[in-house]
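Close look at the chain arrangement
What follows is the residue order along each chain.
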Amino acid sequence: MIDLFSATYAQARQRWLALADQRGLAVQSHVHPLSGPQGEALAMDVVVDGPPDAPNVLLTTSAVHGVEGHGGCGIQAGLLQIGESLRALAGPHTALVHVHAVNPHGFAWGRRVTAENVDLNRNFVDFSQPLPDHPDYAAIEPWLLPAHWPPAADNEAHLQTLLDAMGPRRAQMAVTKGQHTHPDGMYFGGTAPTWSQQVFRRALRQHAGHAHRLAWIDLHSGLGPFGVGERIFASMDAGAALARARQWWGEGVTSVHAGSSTSIPMTGPIQLAVDDECPRAEYTGICLEFGTVPLPQMVMALRGDHWLHRHPGADAALATNIRQRLRQAFYPDTDDWKRALWAQGLEATQQALRGLGTA
C-alpha cells in the first residue's frame, strides 16, 4: 500500500478520485475558492462507502493540518482501495465516510495552516463569545518569530529561559495551545470560521447528522516517536466515551486532559463540531497521531514556516530549506514510515468497525 502515499496534493487527489471511480462510488467535491501552486483546483472530497442512511458511521479525516495530508490521505487511499473487505466487516448497518483533505489549501501549498494562516484545530470556537486569551504565547512571540532567520544564539537562549521558567507542559501549551491575537503568528485560531470549518460542518451534518453511533479517526502526524501511531482520545466526555475508546482501540488510548498524551489541550479542536452537527450520535473518537521527528525539531520547522510567511521575499535558498524542513517534520518520505502508518491505520479502522458493530 505504500505506493498510495502521494508526493503532492494534486497527486493525492487524482488517486483519490480514481480509486472512487474504480469502486463505483460517488465523490462529493467541495471546491475551495483558491487554487494550488500549479493552478490546480483544490477541494474537500467526501466519499460515502456504504448505505448513506446507515445508523452507524465511521468517519475518517485527513489533512486537517494541511501538510499532514501526505500521511493521512495515503491511509485513506488504502482504506478506499480495500473498501469491499471493510464493508464486509462493517455489515449492513455501518457506513464509512471519508473526508479527504479537510484543509486542501494547506496540503497543496505545503503548510500546516489554512489560507487564512489559521490552525484549523484551534478554529472550532464560538465566535459569538469573547475569544480565549493566551498571555503566555504573547510573552514569547517576539522570540519565537524573530526578525531574522535562523534565530541568533542569544535569541534562542532568551526563549529557552522563558520556557524553562514555565516548566515543560506549560511551555508546550504556551507555544501550541492556540491564540487569537497574532494573525500572522503560530497556532492562530482565527477571528471567524474558516472556509474549511464551514464546509466540514456541512459535510459532517449531511453524512453523519443522522447517525445513532459515530466513530471518528482523525489522521495526523508530527508528534511522538518515528512511525508510532499514538491513539489520542478526541472527545470532551472523559467518562463513557473514553471507556468505549479504550475498549475498541486498547488501554493505550491517551488523553490530553489527563496529561498522558504527547499532545496538549487546545482551543477549538475540530471534534467540537460533533455536538452541533451530530446531536443524536453516541460519539467515540481518536486522533491517530504518527510520530516523525523530535518535538524541538518539529517546532523549529513550524517557526521557520511562519517566519517565511511573514517574509515572503526571503532569499530563495533559505525559503527552499525552510519548506523542506517543514515537509520532513510532518512527512518522512520513507518506506518504513509509510508501512507503519498503513498497518496501524488499517488496524484502528478495523477495531472501530468492530466496536460500532457491538450492541
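A quick note: this is a predicted structure, and the numbers were derived from the prediction, not measured.

Another aspect to go through is the overall build of the protein chain. Helix and strand counts for the protein chain stand at 13 helices and 7 strands. Relative to the globule expectation of 21 Å for 359 residues, the C-alpha radius of gyration of the protein chain, 20 Å, shows essentially globular dimensions. Referenced to the eigenvectors of the C-alpha coordinate spread, the extents of the protein chain come out at roughly 60 × 45 × 40 Å. With 359 residues in all, the protein chain has 58% of them scored as buried. Excluding contacts between residues fewer than 6 apart, the proportion of contacts in the protein chain whose partners are at least 24 apart in sequence is 81%. Total accessible area on the protein chain is roughly 14,200 Å²; 55% of this is exposed by carbon and sulfur atoms. Averaging the coordinates of the 26 positive side-chain charges in the protein chain and doing the same for the 33 negative ones gives two points 2 Å apart.

With respect to the element layout, Ala273 can be found in helix α10 (residues 273-277). Taking relative accessible area as the criterion, Ala273 reaches 0% and is therefore assigned buried. Taking the C-alpha atoms as reference points, Ala273 and Arg202, 71 residues apart in sequence, are found 10 Å from one another.

Now for the environment of Gly357. Along the chain, Gly357 turns up in helix α13 (residues 335-357). Of the residues examined, Gly357 reaches a relative accessible area of 57% and is grouped as exposed.

The amide bond that connects Trp149 to the next residue, Pro150, takes the cis arrangement and shows omega of 0 degrees. Tracing the chain through its elements places Pro150 in the loop between α5 (135-144) and α6 (153-166). Although it is not a glycine, Ala101 sits at a positive phi angle of roughly 65 degrees. Look at Tyr187: it is not a glycine, yet its phi comes out positive at around 55 degrees. With respect to the helices and strands, the residue Tyr187 is situated in the loop between α7 (168-176) and α8 (195-208). Look at Tyr187 and you get buried, because its relative accessible area is 5%.

For the rest of this paragraph, the subject is the pairing of strand β1 (residues 27-35). Sheet topology note: the β1/strand β2 (residues 41-49) ladder contains 6 bridges and is antiparallel. Note on β2: the bridge partner recorded for Val31 is Ala43. Turn length for the β1-β2 hairpin, with the two strands adjacent in sequence and antiparallel, is 5 residues, and the turn residue Gly39 shows positive phi of about 80 degrees.

Along the chain, the position of Gln271 falls in the loop between α9 (240-249) and α10. Looking at Gln271, the relative accessible area reads 10%, which means it is buried. Excluding residues that lie within four positions of it along the chain, Gln271 makes contacts with Asn121, Trp216, Asp218, Ala234, Tyr283 and Cys287.

Within the structure shown, the criterion is met by 18 salt bridges. The salt bridge partner of Asp119 is Arg112, with a shortest N-O separation of 2.4 Å. Taken individually, Asp119 and Arg112 each receive the classification buried, so the pair is uniform in this respect. Ionic pairing is found between Arg122 and Asp119, a salt bridge with its closest N-O pair at 3.4 Å.

Before going further, it helps to spend a moment on α5. Three or more residues of α5 are buried, namely Asp136, Tyr137, Ile140, Glu141 and Leu144. Taken around the axis of α5, the buried residues stretch over an arc of 140 degrees, which confines them to a single face. Packing partners of the buried residues in α5 comprise α6, α7 and α11 (295-310).

Sheet architecture is open: 7 strands sit in the order β1-β2-β4-β3-β5-β7-β6, paired in mixed fashion. Unpaired on one side and paired on the other, β1 and β6 (229-233) mark the two borders of the sheet. Each strand axis lies, on average, 20 degrees off the axis of its neighbour in the sheet, ignoring direction. Bridge analysis of strand β3 (residues 56-61) against strand β4 (residues 94-100) gives 6 bridges, and the strand direction is parallel. When the bridges of β4 are listed, Thr61 appears paired with Val99. Helix α3 (residues 83-90) contacts β2 and β4 of the sheet and is inclined by roughly 140 degrees relative to β4.

So, how was this worked out
Residues numbered from 1 in each chain as written. Predicted model: local features only at pLDDT ≥ 70, side-chain atom pairs only at ≥ 80, totals over all residues. Heavy atoms only, no water. Helix = DSSP H or I, 4+ residues; strand = E, 2+ residues; numbered from the N terminus. Rg over C-alpha atoms; globule rule 2.2 N^0.38 Å. Buried < 20%, exposed > 50% of the residue type's maximum accessible area, 1.4 Å probe, protein only. Contact = heavy atoms within 4.5 Å. Areas by Shrake-Rupley, 256 points an atom, 1.4 Å probe, with all protein chains shown as cover. Lys, Arg positive; Asp, Glu negative; His and termini not counted. Charge placed at Lys NZ, Arg CZ, Asp CG, Glu CD. Pairing = 2+ DSSP bridges. Salt bridge = Lys/Arg side-chain N within 4 Å of Asp/Glu carboxyl O. Arc of directions from axis to C-beta. Axes fitted to C-alpha atoms, helices over the stretch in contact; angles between N-to-C directions.

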